[in-house]
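One letter stands for each residue in the lines below.
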Amino acid sequence: MTAPARAFEHDGIAFGCDYNPEQWTPEIWDEDIALMTEAKVDLVAINIFGWSHIEPRPGEYDFDRLDDVIGRLHAAGIRVNLGTGTASPPAWLTRRHPEILPMVVDGTRRYPGGRQAFCPSSRIFRDAALQLVEQVARRYGDHPAVELWHISNELGCHNALCYCDESAAAFRVWLRERYSDIDALNAAWGTAFWSQTYREWDEILPPLATLSLGNPGHMLDFHRFSSDQLLDYYRAEADVIRPLSDRPLTTNFMVTAHIENLDYWSWAPDMDIVANDHYLDNRLADPTSELAFAADLSRGLGGGAPWILMEHSTGAVNWQPLNVPKAPGQILRNSLTHVARGADGVCFFQWRASVQGAEKFHSAMLPHAGTDSAVWREVVELGGIVERISEIAGSRVDADVALVFSWEAWWATQSLSRPSQFVGYLDQVHACYAAAHALGLTVDVVRPGADLSGYALVLVPGLHLVRAEEAAVIADRVADGATALVTFFSGTVDAEDRVWTGGYTGPFRDLLGVQIEEFAPVAAGQTVTLDDGSRASLWSERGHATTAEVVASFADGPSAGSPAVTRNAHGHGAAWYLSTQLEPSAYRDLIARLASEAGVTSPVAIHDGEVSALELVRRRGAEASYLFAINHGTASATLGATGDELVTGVAVHGSLEVPAGSVRIVREEAAA
Ligand code: GLA
């Protein structure tokens, strides 16, 4: 099934975009390619939504225009990231086979007219798509312009959870493989409750809309199934391409705020290189920190290897309630933050702004205004910088902090029957990460159970669902000398969503030395005070320390007198527990205390400036290391650094000034 990974080999750091030439005439293609050359674009994703163009009628293929576009790109020395074209079924297919249309939770179908209108389990869809993939792979598998395969597009973006009869049948097959025995399924889902016991496999449906709360175990397994089902689809396309092409394969992940449906820990091993799409979400409290988190998670998915930022935007998107442009310099800061955090490619959606269709107000590298625009000038500037820093490709990010992240915990946390609907898993992860980010710490994001041996500080925010063996890895690392922080609602359920009894935090209980008896969530808009004066919100817990030292207690609120922050010595290290959501400044102070205990610092000395305004990361290569310093603030900063600064081309001797809003990248003389 899966083949050994074939590395993505690009000369330097790729700079590119999605390109949709179907929307334009050949005269425009020539102008596009000339401007791409000016901007130093060298990797272009095409044919992502090509199906209705290259197979206009069933079994009738027309590759003339695609041949032409690929030929022109090749002649200009631009490499191609070739879409398989299957991201959206053509109208002829959905008209002939309306049964491939996806069904949502209330049992109604969703119609064509948007995109991704297919059920991930549909055999008819799969057969038709694979026939197209074979044609595309036969035609272009050896084409010298093709550098990378781009399978489908953002698989599961809209259709990850399909509830139709065909999905139901596939779900039952998946369940039989997982449980073999229906009693094992009944035990796993706790169906003794509310008379839900199943006697026959055929009685089981997807978790369609119910009148009352549904069964959380059922929903958790449906998430697992849905993620596996789309991965199976990815593999089916990959299996068609591999015998016909020796180029690496990937698909664009959506490690970005709010998209939760695919467990990319299970997907990543199938990617020849991890690729991610990231869009700043201005609805978040701290979009800059979330960008850094998403980049660190993208790197983590590949085990620290370089990855590709397959899409981001030069400005406004079109799908948030308020779609705002980027501030001057922000394209550079955002793009180079991804590079700092391990990206070996920086690409945008899309090349030329559409004038029609659902995304006509989405920003692009070449905006509606044309080249006489700040966006275009910044794109060209970025292209120049990306070329100048090409030697950085292949280097790896240094980090001594790990953050444990889990899609399964995310799914289980978001259950409808949780203690507070205001507690979100990703919010907890972001808050914890933001505190570390504001201190300039570099964080590797790892899966539960991952080897933690290189990390002095381990952060475990809201790891609601955890297996005993995953908790044991964290405890062992602490016993070996690390400092860990576990935060509230962690260790509450096992892999079957069954509560760990005997006191919350379950398998973390002995490590943490606390006995948590009751959850006492705090109402939206209310705060509680800790006896060290700090404020917190959202959550509190009633309980007591067993072996831990109480660092701070709740001074008021529903858990007054119970511990809020504890520290438990464990072997050669210490495990801290936080049973509430601290306000950001207090959270930062807590992480600073843990970092100091663990001996981890930001990668560079700050002589002047505010660390929370700076993005500081070091990538280490075979020959040199590279210090990235990105100043998001409004005041200049001065850092201790020596080497060649690659953005300005100026040598630095002991002191690097990073003006407000700018990016500096120093090739350091000695390994720091
Ligand atoms: C996703 C898709 C693109 C485009 C962008 C818009 O990332 O892959 O086709 O729709 O969103 O932000």
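Please read all numbers here as calculations on a predicted model, not as lab measurements.

### Some remarks on the layout of surface pockets
Estimates place the volume of the largest pocket at around 800 Å³. What lines the largest pocket is a set of 26 residues, and nearest its centre among them are Q23, F49, S88, G114 and R115. Elements supplying a minimum of two residues to the lining of the largest pocket: helix 2 (51-54) and helix 4 (91-96). Broken down by element, the lining of the largest pocket gets its largest block of residues, three residues, from helix 2.

### Some thoughts on the sheet that holds strand 11 (residues 401-404)
Reading across from one edge, 12-11-13-14-21-20-19 is the order of the seven strands in this open sheet, with mixed pairing throughout. Bordering the open sheet on either side are strand 12 (443-446) and strand 19 (549-553), each of which pairs with just one other strand. Looking at each pair of strands side by side, their axes are set apart by 20° on average, direction ignored. Relative to strand 20 (residues 563-570), strand 19 runs antiparallel, the two sharing four bridges. Residue pairing for strand 20: S553 is matched across the bridge by P563. Across the sheet, helix 10 (residues 287-301) lies against strand 11 and strand 12, angled at about 55° from strand 12, the strand it touches most.

### Focus on the packing of helix 1 (residues 26-39) against helix 12 (residues 374-388)
Taken N-terminus to C-terminus, the directions of helix 1 and helix 12 make an angle of 55°; their axes are 8 Å apart at the nearest point. As the angle between them shows, helix 1 and helix 12 are arranged oblique. Residues L35, E38 and A39 of helix 1 form the contact with helix 12, whose own contacting residues are W376, V379, V380 and G383. Split into classes, the residues belonging to the contact of helix 1 with helix 12 amount to five nonpolar, one polar and one charged.

### Details of helix 7 (residues 182-189)
Helical periodicity: at 3.6 residues per turn, an α-helix aligns residues three or four positions apart in one direction. Taken as a whole, helix 7 has its buried residues at I182, L185, N186, A188 and W189. Projected down its long axis, helix 7 carries its buried residues within an arc of 165°, all on one side. Those residues of helix 7 that are buried are in contact with helix 6 (165-179) and helix 8 (216-241). Capping of helix 7 at its N-terminal end is provided by D181; its side-chain oxygen lies 2.7 Å from the backbone amide nitrogen of D183. Following helix 7 by one or two positions, G190 has its phi on the positive side, about 60°.

### Structural notes on the domain arrangement of the protein chain
Domain boundaries in the protein chain define domain 1 (14-397), domain 2 (401-602) and domain 3 (613-668). Here domain 2 and domain 3 have C-alpha centroids that lie 33 Å from each other.

### Focus on the site of the ligand
Around the ligand, the neighbouring residues are F49, R115, N153, E154, D277, Y279, E311, W319, F349, E359 and H362. Interatomic distance of 2.9 Å between a side-chain N/O atom of W319 and an oxygen atom of the ligand. When its residues are assigned to classes, the shell around the ligand shows four nonpolar, two polar and five charged.

### Observations concerning the state of the cysteines
Applying the stated criterion across every chain, the model contains zero disulfides. Free of any disulfide, C157 has its nearest cysteine sulfur in C162, 15 Å distant. The class for C157 is partly exposed, based on a relative accessible area of 23%.

### Structural notes on the sheet that holds strand 23 (residues 606-608)
Strand order in the open sheet made by the three strands is 23-26-29, with antiparallel pairing throughout. In this open sheet, the two edge strands, each paired with only one partner strand, are strand 23 and strand 29 (656-658). Neighbour to neighbour, the strand axes of the sheet diverge by 35° on average, direction disregarded.

### Considering the side chain of T442
One can find T442 in the loop between helix 14 (425-438) and strand 12. When its relative accessible area of 5% is taken as the criterion, T442 is described as buried.

### Considerations on unusual backbone geometry
At the junction of F349 and Q350, the peptide bond is cis and its omega measures out at -5° in the coordinates. Along the chain, Q350 falls in the loop between strand 9 (343-348) and helix 12. Unusually for a residue other than glycine, Q116 sits at a positive phi of about 55°. With respect to the helices and strands, the residue Q116 is situated in the loop between helix 4 and helix 5 (123-140). Its relative accessible area of 5% is what places Q116 among the buried residues. A positive phi angle, close to 60°, is found at W194, a residue other than glycine.

### Section: the pairing of strand 20
In this sheet, strand 21 (residues 573-578) lies alongside strand 20 in antiparallel orientation, the contact comprising six bridges. Considered in strand 21, the bridge of N568 is made with A575. With antiparallel pairing between neighbouring strands as the criterion, strand 20 and strand 21 make up a hairpin whose turn holds two residues, including G571 at a positive phi of roughly 60°.

### Some remarks on empty space enclosed by the protein
Evaluation of the coordinates by the stated rule reveals seven cavities of 30 Å³ or more. By volume, the largest cavity is sized at about 70 Å³. Forming the walls of the largest cavity are 14 residues, and the residues nearest its centre are V255, T256, F293, L297 and L426. Those elements giving two or more residues to the lining of the largest cavity turn out to be helix 10, helix 13 (407-413) and helix 14. Per element, the largest residue contribution to the lining of the largest cavity is four residues, and it comes from helix 10. Tallied by class, the residues present in the lining of the largest cavity amount to 11 nonpolar, two polar and one charged. Both domain 1 (14-397) and domain 2 (401-602) contribute no fewer than three residues apiece to the lining of the largest cavity.

### So, the pattern of salt bridges
Counted by the stated rule, this structure contains 34 salt bridges. Notably, a salt bridge pairs R126 with D232, separated by 2.9 Å at the nearest N-O pair. Taken together, the residues span a long stretch of sequence, with R126 in helix 5 and D232 in helix 8 at a distance of 106 residues. When its relative accessible area of 7% is taken as the criterion, R126 is described as buried. A salt bridge links R299 to D444; the nearest nitrogen and oxygen atoms lie 2.8 Å apart. Residue R299 is found in helix 10, and its partner D444 is found in strand 12; the two are separated by 145 residues along the sequence. Exposure remark for R299: the relative accessible area of 1% places this residue in the buried category. Residue D444 is classed as buried on the basis of its relative accessible area, which comes to 14%. Residues joined by salt bridges that share partners form a network here, namely R178, D221, R224, E408, R467 and E470.

Scoring rules and cut-offs
Residues numbered from 1 in each chain as written. Predicted model: local features only at pLDDT ≥ 70, side-chain atom pairs only at ≥ 80, totals over all residues. Heavy atoms only, no water. 1 Å grid on protein atoms, 1.4 Å probe; cavity = no way out; pocket = protein on both sides within 12 Å on 5 of 7 lines; lining within 4 Å. Points joined across faces, edges and corners; volume = space filled by probe spheres on them. Helix = DSSP H or I, 4+ residues; strand = E, 2+ residues; numbered from the N terminus. Pairing = 2+ DSSP bridges. Axes fitted to C-alpha atoms, helices over the stretch in contact; angles between N-to-C directions. Contact = heavy atoms within 4.5 Å. Parallel < 35°, antiparallel > 145°, perpendicular 65-115°, else oblique. Nonpolar A, V, L, I, M, F, W, Y, C, P; charged D, E, K, R; others polar. Buried < 20%, exposed > 50% of the residue type's maximum accessible area, 1.4 Å probe, protein only. Arc of directions from axis to C-beta. Polar contact = N/O pair within 3.5 Å; in protein donor to acceptor, adjacent residues only side chain to side chain. Domains from an automatic or database assignment. Near = heavy atom within 4 Å. Disulfide = S-S within 2.5 Å. Salt bridge = Lys/Arg side-chain N within 4 Å of Asp/Glu carboxyl O.

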